[in-house]
Structures are given as structure tokens and as C-alpha cells.
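An overview of the molecular structure
Read off the chains here:
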Amino acid sequence: VMAQYIKPVQVIRVIKISSLVWCAFALLGSYAPEVYRYIVPALVPDALGAFGDRGQTSLAPEATDFGFTMVYLLALYRISASCFPPKLEKNYVSNWVYVVLVANIVLSKSASGIFALILVTIIFLIENIGRKERGGSALRNISIVTMVMFMALVAIIQTRIFFFFFGIRGLDLFLAALYSP
């Protein structure tokens, strides 16, 4: 019943604000865990956040919940943005929100969240094949994303320079399977 009263502009505004709030709490948990431990249990009693090394939870009870929530917000933001004609989309949709939501997914250190992000990205790129007004050349986009993912995977496997991603259980299991099958 309420859905008929919710407009895409409202959804976009709420996601802009909430993405910054989630990011602020994730950064707080990363860089000031004592303050995080003081503030967050009153808001989210079961939050594991800064209490372990399983990733950041921000305002979610678990890192995977944080990652998936950000993926849902990312998909909802993209769906809401697509409701506007291309000429009006520039007035309402900000690219920084995509950056913040992806950064939140990475901050969560959730393999499930990262894999969901990859899946949503692939679906978005496939959806935009042939839609030059929204996604440009979809084949070019798919090629760029695939090359970047491949180079990042090779860098992780060969040099282990992406130390931030270690501790993600799914990635650790993948690397262990590659190094000692």
C-alpha cells in the first residue's frame, strides 16, 4: 500500500544519507574500536564489528549482513536511478554513492558480499548491452571489469600485496586451494 507513495527521488535521498551513516560506523569500527564498542551495542546488541577479525559490521550484526545490505542498497539505488530519463538522471543520481556503497562492501570483508557485488555488476553490465544512453558500450565495460578483476586476482595470488583482503574466509580458502591443491 505504501509503495505507491514512495518516489524514486525519495529512495535515492534515503540511500545517499544511509550509505554515509553505514560508512561512518564502519570506519569508526576500523579506526576507533573502543568508541565503536561503546556506541554500537546500544544500537545493535549483537554486532560483532570490532570484536573479532571477521570483518567490519558497521550497524549490522555480522559482516555478511553488512555486505549484503550494501549490495541491496546498491541494486536499489541503480533501479531507482533507472526510473529517470537519461537527461534527468544527471540531476538526481550521484556517482559518489556508488563509490561509498562499494567501499562499504569492501570494508565488510565479507566474501559473500564481494561475490554478490560481482554478481550484481555482471547483471548490470548484461542489462546495459545495447543501451548506449545509460551504460555506454557494455562490451567495453565488461572487458574493463573482467581485466581489472583478473589483474587483481593475479596480484593477490602472486604478490599478496592486497593485505587488506586477507582474513576474508572465502578468499583465504580459494588461495589455499590454489597453493596446495
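It should be noted that the structure appears before, not after, this text.
A brief report on the enclosed structure follows. Because the structure is a prediction, the values reported are computed rather than measured.

Two elements in contact, helix H3 (residues 63–81) and helix H5 (residues 95–108), have axes whose closest approach is 8 Å; the angle formed by their N-to-C orientations is 165°. Between H3 and H5, the crossing angle belongs to the class labelled roughly antiparallel. Crossing geometry of H3 relative to H5 is assigned as left-handed. For the pair formed by H3 and H5, the contact residues are Ala63, Phe66, Gly67, Met70, Val71, Leu73, Leu74, Tyr77, Arg78 and Ala81 on the first element and Val97, Tyr98, Leu101, Asn104, Ile105 and Ser108 on the second. Each residue belonging to the contact of H3 with H5 can be placed in one class, and the counts come to 12 nonpolar, 3 polar and 1 charged.

Attention now moves to the side chain of Thr57. Looking at the element boundaries, Thr57 is found in the loop between helix H2 (33–43) and H3. Among the polar contacts made by the side chain of Thr57, one reaches the side chain of Tyr36 at a distance of 2.7 Å.

Conventions adopted
- Residues numbered from 1 in each chain as written.
- Predicted model: local features only at pLDDT ≥ 70, side-chain atom pairs only at ≥ 80, totals over all residues.
- Heavy atoms only, no water.
- Axes fitted to C-alpha atoms, helices over the stretch in contact; angles between N-to-C directions.
- Helix = DSSP H or I, 4+ residues; strand = E, 2+ residues; numbered from the N terminus.
- Parallel < 35°, antiparallel > 145°, perpendicular 65-115°, else oblique.
- Left-handed = near helix turned anticlockwise from the far one by under 90°.
- Contact = heavy atoms within 4.5 Å.
- Nonpolar A, V, L, I, M, F, W, Y, C, P; charged D, E, K, R; others polar.
- Polar contact = N/O pair within 3.5 Å; in protein donor to acceptor, adjacent residues only side chain to side chain.

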